[in-house]
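Secondary and tertiary structure notes
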Amino acid sequence: LKAWTGRQIDMFEAAGLPLQQLRIKNPGQGVDWTSEAIWTHVKTIRSVFQERGLPDPVVYIHNHDFNGMGAHIGAECFRKAQAEGFSTLVIDSAYRKNGTHNDNTVL
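Residues numbered from 1 in each chain as written. Predicted model: local features only at pLDDT ≥ 70, side-chain atom pairs only at ≥ 80, totals over all residues. Heavy atoms only, no water.

Examining the overall build of the chain
Regarding its fold elements, the chain presents 3 helices and 3 strands. Mapped in sequence order, the helices and strands of the chain form the string α-β-α-β-α-β. Residue burial in the chain is summarised as follows: out of 107 residues, 39% are buried. By sequence separation, contacts in the chain at least 24 residues apart represent 68% of the contacts at least 6 residues apart. (Helix = DSSP H or I, 4+ residues; strand = E, 2+ residues; numbered from the N terminus. Buried < 20%, exposed > 50% of the residue type's maximum accessible area, 1.4 Å probe, protein only. Contact = heavy atoms within 4.5 Å.)

Remarks on the pairing of strand S1 (residues 21–25)
The two faces of S1 differ: Leu22 and Ile24 on one face are buried, but Gln21, Arg23 and Lys25 on the other face are not. Bridging between S1 and strand S2 (residues 58–62) involves 5 bridges; their strand directions are parallel. Note on S2: the bridge partner recorded for Lys25 is His62. (Pairing = 2+ DSSP bridges.)

A closer look at the pairing of S2
Among the 5 residues of S2, 4 are classified as buried, and the element is accordingly described as predominantly covered. The pairing of S2 with strand S3 (residues 89–92) spans 4 bridges and is classified as parallel. Looking at S3, one finds that Tyr60 is bridged to Val90.

A short note on the nonpolar core
Soluble, globular proteins show a tendency: their nonpolar side chains are buried together. Among the nonpolar cores identified, the biggest contains 20 residues, and Ile38, Val42, Val59, Ile61, Phe86, Leu89 and Ile91 are the most heavily contacted of them. For this core, the secondary-structure elements that each account for two or more residues are S1, helix H2 (35–51), S2, helix H3 (70–83) and S3. In terms of residue count, H2 provides more of this core than any other element does, 6 residues in total. Each residue touching Leu89, except ones within four places of it in the same chain, is listed here: Val42, Val59, Ile61, Cys77, Phe78 and Ala81. (Core = buried A, V, L, I, M, F, W, Y, C linked by side-chain atoms within 4.5 Å.)

A closer look at the environment of Asp56
One can find Asp56 in the loop between H2 and S2. Exposure remark for Asp56: the relative accessible area of 30% places this residue in the partly exposed category. Separated by 35 residues in the primary sequence, Asp56 and Gln21 place their C-alpha atoms 8.7 Å from one another. What Asp56 contacts, discounting residues up to four positions off in sequence, is Arg46, Gln50, Phe86 and Thr88. One polar contact links Asp56 to Arg46, side chain to side chain, over a distance of 3.1 Å. (Polar contact = N/O pair within 3.5 Å; in protein donor to acceptor, adjacent residues only side chain to side chain.)

What follows is the structure, given as structure tokens:
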């Protein structure tokens, strides 16, 4: 994930643009949809930005919710982020309408 994040920053820099946000898609389709796993990914991404002297990125997480726990896990991620002073976490994890796919209702 560190190398991937670095490549994203490099691609934007090559185009003369700052990378300001990253999207993590569908972590809930596997066992990785836990607050610990998500926060570990966010901290890894954040560390690459910090190492390069860049401001914290917006980290947008889009998730599919198959068991109704999306919002609960998202809330725990926010508690972890707030405890470490990270205020640019966006999580689309509110259960809505069709039962499995969140419709961009943001926590």
